[in-house]
Structure formats: C-alpha cells, structure tokens
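Structural overview for review
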Amino acid sequence: LTELMAEEAGLTVDSDGFTNEMEAQKQRSRDARAKAKGGGTKRLEFIAEQTAWLAENGVKATDDSSKYAWDVETAASIKAVFGTDGFLEEGSSVGSGETVGIVLDKSSFYAEAG
C-alpha cells in the first residue's frame, strides 16, 4: 500500500533500505531488552548439563515442600554456587558485581519453569 501511494505521488520507496533499518532496529531492541533483564551482565542458564553436574557431585534435589507452609521460616544451606562459567569450586570466588546463582538444600520458593 505504501509503495502504491508513493507511486501515485511520483515517489519511490527504498524497500531494501527499509528492511535493513528494520533489522538494525530489531537488534537494538533485543540488545536493550537483554541489558534490562540482566542489568548488562551475562545471563545465567541452568539447563540439563548443570543438573547432571549436580547429580554427579552428589547434590540432591532441593526440598521445596515448605512452599506450602505460609507462616514457617525455612532454614537452608547452600549446596552449590553457579556462575557464568559454571559451578564454583570450594574456596573460589567471583568478582564484585558478578551474577551468581545458588543451589539450596531447602527452599520455600516455587521453581521457575519455561
């Protein structure tokens, strides 16, 4: 429709230029969304390989049965620490401002899926 209207007005439409600029804008949008979600840090992904590492290292699944108890405080212990380069070995550290995830033996939180 835009091309038809431009033609009637004696103009042309740079379709290739439009497509290139649209792709560039989509990428800028993706980058901005990723930065907003992760605060500019690398996103942590906990997938099958990490679950396998936990099993191989004797870390049991988190007991989340306390998620059904509304007024009970749950004491938990950290069983593993996960960073952008994988699990941290005991005694190792991460730099200031780096994102890490923790694996607990107990939790009152619902697991995130999806």
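Just so you know, the residues in each chain are numbered from 1, in the order the chain's sequence is written. In keeping with the predicted nature of the model, local features appear solely for residues at pLDDT of at least 70, side-chain atom pairs appear and are counted solely at 80 or more, and the whole-chain, interface and lining totals rest on all residues. Note: side-chain values were computed over all heavy atoms of the structure, leaving out hydrogens and water.

**Describing the overall build of the protein chain**
Threshold: Labels follow the DSSP assignment, with helices taken as runs of H or I lasting at least four residues and strands as runs of E lasting at least two, numbered in each case from the N terminus. Restricting the calculation to C-alpha atoms gives the radius of gyration, and the globule rule supplies 2.2 Å times the number of residues raised to the power 0.38. Accessible area is worked out with a 1.4 Å probe on protein chains only. A residue is then buried under 20% of its type maximum, exposed over 50%, and partly exposed in between. The criterion used for residue contact is that any of the two residues' heavy atoms lie within 4.5 Å.
Tallying secondary structure elements over the protein chain gives three helices and three strands in all. Mapped from its N terminus to its C terminus, the protein chain presents α and β elements in the order α-α-α-β-β-β. Here the C-alpha atoms of the protein chain give a radius of gyration of 24 Å, more than 25% beyond the 13 Å that 2.2 N^0.38 yields for 114 residues. Across its three principal directions, the C-alpha atoms of the protein chain cover 75 × 35 × 25 Å. Looking at the protein chain as a whole, 11% of its 114 residues qualify as buried. Of all intrachain contacts in the protein chain linking residues separated by at least 6 positions in sequence, the fraction that spans at least 24 positions is 69%.

**Let's talk about the pattern of salt bridges**
The following threshold applies: A pairing counts as a salt bridge when a side-chain nitrogen of Lys or Arg comes within 4 Å of a carboxyl oxygen of Asp or Glu.
Applying the stated criterion across every chain yields a total of two salt bridges. Ionic pairing is found between E23 and K26, a salt bridge with its closest N-O pair at 3.7 Å. Residue E23 and its partner K26 are both found in helix 2 (residues 15–38); the two are separated by three residues, about one turn of the helix. As a salt-bridge pair, K67 and D64 come within 3.0 Å of each other at their nearest N and O atoms. Note on K67: relative accessible area 14%, which makes it buried.

**Here we look at the sheet that holds strand 1 (residues 78–83)**
Short version of the rule: Two strands pair if DSSP finds at least two bridges between them.
Taken together, three strands build an open sheet; the order of strands is 2-1-3 and the sheet is antiparallel. Because the sheet does not close on itself, it has two edges, and the strands there are strand 2 (86–87) and strand 3 (101–104). The pairing of strand 1 with strand 2 spans two bridges and is antiparallel. Of the residues in strand 2, the one forming a bridge with G83 is G86.

**Details of a nonpolar patch on the surface**
Heads up, the rule is: A patch consists of residues exposed above 30% relative accessible area that lack any salt bridge, with like charges linked at up to 9 Å and nonpolar side chains (Val, Leu, Ile, Met, Phe, Trp, Tyr) linked at up to 5 Å. With residues, only the protein chains shown are counted as cover, and all accessible areas are computed by Shrake-Rupley using a 1.4 Å probe.
Together, L1, L4 and M5 line one region of the surface with nonpolar side chains, adding up to about 370 Å² of accessible area. Inspection of the secondary structure puts L4 in helix 1 (residues 2–8). The class for L4 is partly exposed, based on a relative accessible area of 46%.

**A closer look at the nonpolar core**
Nonpolar side chains in soluble globular proteins tend to be buried together. Which entries qualify depends on this criterion: By nonpolar core we mean a set of buried residues, namely Ala, Val, Leu, Ile, Met, Phe, Trp, Tyr and Cys, connected to one another through side-chain atoms within 4.5 Å.
The biggest cluster of nonpolar side chains holds six residues, and these are L54, V59, A80, F82, F87 and V103. Once residues lying within four places of it in the same chain are set aside, the contact partners of F87 are F46, Q50, W53, L54, A80, V81, F82 and V103.

**Some thoughts on the side chain of S107**
Relative to the assigned elements, S107 resides in the segment after strand 3. Looking at S107, the relative accessible area reads 11%, which means it is buried. Beyond its immediate stretch of four places on either side in the chain, S107 contacts T62, D63, D64, S66, K67 and T74.

Honestly, that's just the spatial picture; any functional story needs more than this.
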